[in-house]
Amino acid sequence: MSKHYKVSEEARNYARKVLRLHNYEKKQIKKIEESLRYPYQETDENIGGSRVSSNIAPQEAEAERVWTNEEFLATVKHVSVVDNFLEDISDEAVNLVRNRYLSDNGSKERRPKELPNWVKVSKLIHLSEDACKKQDSLLVNSLAKRFNLK
């Protein structure tokens, strides 16, 4: 039997922040992965050739630096948990999350005031504002539990 516990306001705020930043974080991960796959290479001006000063390829060193960075790993975890969460919830719930939190293109970090208001969201998904807020609260609590937040 699963544990029933009340999710704190801090945990709910964290879950909302993860949802709000999901598209931005997803885009940042993609940029980093692309830069690791296709690193910038300086042109070699030393045509005659001399010895290479390093014994490790620069992209390997960069890849190791990135994949051992705790902040980057946390971002990867956020994206994967939200993606799994979106797969597990109903289509109606996904529609609410997409219209409220994921309606941007991920070009910048969104602040809470930049989210669409509940009136706009309720009209888009054809539910009352109260129903949207109630469903949002349940979804945010569920996501917070996936992050093991209390």
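Residues numbered from 1 in each chain as written. Predicted model: local features only at pLDDT ≥ 70, side-chain atom pairs only at ≥ 80, totals over all residues. Heavy atoms only, no water.

Asker: What exactly am I supposed to notice about the pattern of salt bridges here?
Answerer: Scanning the model with the defined rule gives seven salt bridges in all. Glu9 serves as the salt-bridge partner of Arg12, at 2.7 Å between the closest nitrogen and oxygen. In this pair, Arg12 and Glu9 both sit in helix α1 (residues 9-20), three residues apart, roughly one turn of the helix. The partly exposed category is assigned to Glu9, whose relative accessible area is 43%. Glu114 is the partner of Arg111 in a salt bridge, and the nearest nitrogen-oxygen pair spans 3.6 Å. On the accessibility criterion, Glu114 (27% relative accessible area) is partly exposed. (Salt bridge = Lys/Arg side-chain N within 4 Å of Asp/Glu carboxyl O. Helix = DSSP H or I, 4+ residues; strand = E, 2+ residues; numbered from the N terminus. Buried < 20%, exposed > 50% of the residue type's maximum accessible area, 1.4 Å probe, protein only.)

Asker: Mind showing me how you'd approach the packing of aromatic side chains here?
Answerer: Describing an aromatic ring pair means giving the distance of the ring centres and the angle of the ring planes. Scanning the model with the defined rule gives one aromatic pair in all. Between Tyr14 and Phe147, the aromatic rings sit 5.8 Å apart at their centres with planes inclined by 85°, giving edge-to-face as the arrangement. Of this pair, Tyr14 sits in helix α1 while Phe147 sits in the segment after α7 (129-146), placing them 133 residues apart in sequence. Overall, the relative accessible area of 34% leaves Tyr14 in the partly exposed class. (Phe/Tyr/Trp six-rings, centres within 6.5 Å; stacked < 30°, edge-to-face > 60°.)

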